[in-house]
Structure formats: structure tokens, C-alpha cells
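One letter stands for each residue in the lines below.
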Amino acid sequence: MSSRGAIYIAFGEQHIREALHSAASLKRHNNLSVTLFADAKVDDRNIDDLILINPSHKRAKVDYISQSPYDYTIYLDNDTEILENIDDDLSILDRFDIACAQDFSRKSSRWASVIESYRDIPYVFPEFNSGVIFFRNNPAVTEFFALWASRFYEHMEKSKGQDQASFRIALWESDLRIHSLPPEFNVRNLRIRDKMVKRQKGPKDAMLLKPRIYHWHGLDRMTPLKRLLRKYRPMKVF
């Protein structure tokens, strides 16, 4: 049977704290194994394996994501919170190599103005958010991760160290079988959504799809009172 698990890549006290919060939420609803890549020793009941790393920049995921020990992996940014059982959802990888949710930024003018290979990709091929990624351990994905790292370092200065532009470029240049995760697998809060697009009015009963994964900073410090404040509420999934 194929091994299945989740990985986190964290360094620094704050990010490790967030990763442990996310791992606890994952374990609460799932039976997946968890591997933490971290720059310090961590002893936590929700971490099954620890791999020590020495990151050289803030987007260390491009350097370590390919080292997942599992056949089927869900990579999670540290600032996530899992709300449902997603064990069976990894079976999407029986058919596809990689799965991630489309980002709000379809084709950012910020990166298109300075990175030609990003600009040349049609608008209809959007950015995919790199904070929640389902992927298989196979040669095609291994090659993709090497390509992503290469494009990241190639455009590191122009992208100001962000990984979204290089992720879009590498996906476009790859031959991967890509699946778009439904938006409830990468739910951003209203504060983030409002930075990207104008709010659109919808029917009051528009919340038809139940969120699976929240994704924004501060979830580990979120009190019940704070969760009532508008800027911390998740966006609606239409």
C-alpha cells in the first residue's frame, strides 16, 4: 500500500509554532503521518518524523519539498488549519501528479512587468497557490520540483524572493497532470481576499461548500472572539 502523509517546512520560533498548530488540527481529523522539516529539534506528539534543515532563504519549500518520504503527500504551509478529514482526498493522486488550488492572482502585472517567461503565459492559465499542494512521488514530479527550484533562483531577485511566479512558470513548462483543487481546500480570509479583488455581493445562502483547510497567518493565536472579527473571517466559498 502506498504511504501517505503530510509535510511541513518551518524555521524560526513563530513558523514552528504555526506548523505545530496546523499538525494538531490535521491529526484531529485524519490518520495521516506527519513529517516536519525544521531548523531546530522539536518534540511534539503530532510530529511523527523530524528532519533537520538549514534554510538559506524564506522560501525554503523549493529546496526541501522534493524530499517528502511519502508516496502520496500533502504539503501544507505552516499557517494552515485543517477542518475536515482529507485522507481519502489524496486518492486524487491515483489519476493526477499534482493538485493545488487556483490563486486569486491569475496573472499578476507585478511579475508580468519584470519576468518575460511569466508574462508570456496566457491569462487563462492562472497562478496556483503553493500553500497547499497534493503530489505524487514519481519521476515527473521530481523533475518538476527541480524545475521550480531552478526558476525560483533564476528569478529570485525580480520576484523579491516570492515563489508564486516561479511556481506558475514551472507548472506551465512541465508535463504534469495537474488537478485544480476546489477552493474549499485553500480558504483565505477576507483581509487577504480584499487585497486581491473587490468584494462581490452574493446570496446569503451562498456558503454551499464546507471549508476543508484555512490558510492565513495567526491561526495558532486565534481566540474565539477574534474569529468573530470581519478581517479574520474566512471568505465565502461560492
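Residues numbered from 1 in each chain as written. Predicted model: local features only at pLDDT ≥ 70, side-chain atom pairs only at ≥ 80, totals over all residues. Heavy atoms only, no water.

Draft legend 1. Spatial organisation of the overall build of the protein chain. When helices and strands are counted, the protein chain shows seven helices and nine strands. Within the protein chain, the fraction of its 238 residues that count as buried is 49%. Considering only contacts in the protein chain between residues 6 or more positions apart, those separated by 24 or more positions represent 76%. Here the protein chain displays about 12,300 Å² of accessible surface, and carbon together with sulfur accounts for 49% of that area. (Helix = DSSP H or I, 4+ residues; strand = E, 2+ residues; numbered from the N terminus. Buried < 20%, exposed > 50% of the residue type's maximum accessible area, 1.4 Å probe, protein only. Contact = heavy atoms within 4.5 Å. Areas by Shrake-Rupley, 256 points an atom, 1.4 Å probe, with all protein chains shown as cover.)

Draft legend 2. Highlighting the nonpolar core. Ranked by size, the top nonpolar core spans 32 residues in total, and within it Ile 65, Phe 135, Phe 144 and Trp 148 carry the most contacts. Mapped by element, the contributors of at least two residues to this core are β1 (4–10), α2 (61–64), β6 (98–102), α3 (109–112), β7 (128–136), α5 (139–154) and α6 (164–173). Not counting the four nearest positions on each side in its chain, Phe 135 is found in contact with Ile 7, Ile 65, Ser 68, Asp 71, Tyr 72, Thr 73, Tyr 75, Leu 93, Asp 97, Ile 98, Val 141 and Phe 145. By size, the runner-up hydrophobic cluster in this structure holds 28 residues, among which are Tyr 72, Ile 74, Leu 93 and Phe 134. (Core = buried A, V, L, I, M, F, W, Y, C linked by side-chain atoms within 4.5 Å.)

Draft legend 3. View of the packing of aromatic side chains. Taken as a whole and assessed by the stated rule, the structure comprises 11 aromatic pairs. Consider the rings of Phe 125 and Phe 128, whose centres lie 5.8 Å apart with planes at 65 degrees: the pair is edge-to-face. You can call Phe 128 buried: its relative accessible area is 4%. Where Phe 152 meets Tyr 153, the ring centres are 5.2 Å apart and the plane angle is 80 degrees; that geometry is what we call edge-to-face. Seen from the ring of Tyr 118, Arg 168 lies directly overhead, with NZ or CZ sitting 4.5 Å from the centre. (Phe/Tyr/Trp six-rings, centres within 6.5 Å; stacked < 30°, edge-to-face > 60°. Lys NZ or Arg CZ within 6 Å of the ring centre and 35° of its normal.)

Draft legend 4. Structural detail: the environment of Val 42. Note on placement: Val 42 falls in the loop between β2 (33–38) and β3 (49–52). Take Val 42: its relative accessible area is 18%, and that puts it in the buried class. Between the C-alpha atom of Val 42 and that of Leu 20, which follows or precedes it by 22 residues, the distance is 9.4 Å. Other than its neighbours up to four places away in sequence, Val 42 contacts Ile 16, Leu 20, Leu 36 and Leu 50.

Draft legend 5. Broad picture of the sheet that holds strand β4 (residues 72–76). Taking strand neighbours across the sheet as the criterion, the seven strands line up as β3-β2-β1-β4-β7-β6-β8 in an open arrangement whose pairing is mixed. A strand with exactly one partner marks an edge of an open sheet, and here the two such strands are β3 and β8 (178–181). Averaged over neighbouring strand pairs, the angle between their axes works out to 25 degrees when direction is ignored. By the bridge criterion, four bridges tie β1 to β4 in an arrangement that is parallel. (Pairing = 2+ DSSP bridges. Axes fitted to C-alpha atoms, helices over the stretch in contact; angles between N-to-C directions.)

Draft legend 6. Focus on the packing of α5 against α6. Running from N to C, α5 and α6 cross one another at 135 degrees; their axes reach a closest spacing of 8 Å. As judged from the angle between their axes, α5 and α6 are oblique. When you trace α5 past α6, the crossing you get is right-handed. Within the contact between the two elements, α5 uses Phe 144, Leu 147, Trp 148, Arg 151 and Phe 152 and α6 uses Ser 166, Phe 167, Ile 169, Ala 170, Leu 171 and Glu 173. Of the residues contributing to the contact of α5 with α6, the split by class is eight nonpolar, one polar and two charged. (Parallel < 35°, antiparallel > 145°, perpendicular 65-115°, else oblique. Left-handed = near helix turned anticlockwise from the far one by under 90°. Nonpolar A, V, L, I, M, F, W, Y, C, P; charged D, E, K, R; others polar.)

Draft legend 7. Region of the structure containing unusual backbone geometry. Despite not being glycine, Lys 160 shows a phi value in the positive range, around 55 degrees. The class of Lys 160 is exposed, set by a relative accessible area of 56%.

Draft legend 8. Examining the pattern of salt bridges more closely. This structure, assessed with the given rule, holds eight salt bridges. In this structure, Asp 220 engages Arg 17 in a salt bridge whose closest nitrogen and oxygen atoms are separated by 2.9 Å. Remark: Arg 17 occurs in helix α1 (residues 13–29) and Asp 220 occurs in the segment after β9 (213–215); sequence separation between them is 203 residues. Residue classification places Arg 17 among the partly exposed residues on the basis of a relative accessible area of 37%. Of the charged contacts in the structure, one is a salt bridge between Glu 154 and Arg 151, with a shortest N-O distance of 3.2 Å. Here Arg 151 and Glu 154 lie together in helix α5, a separation of three residues that amounts to about one turn. Among the charged side chains, a network of salt bridges with common partners joins Arg 17, Asp 220 and Arg 221. (Salt bridge = Lys/Arg side-chain N within 4 Å of Asp/Glu carboxyl O.)

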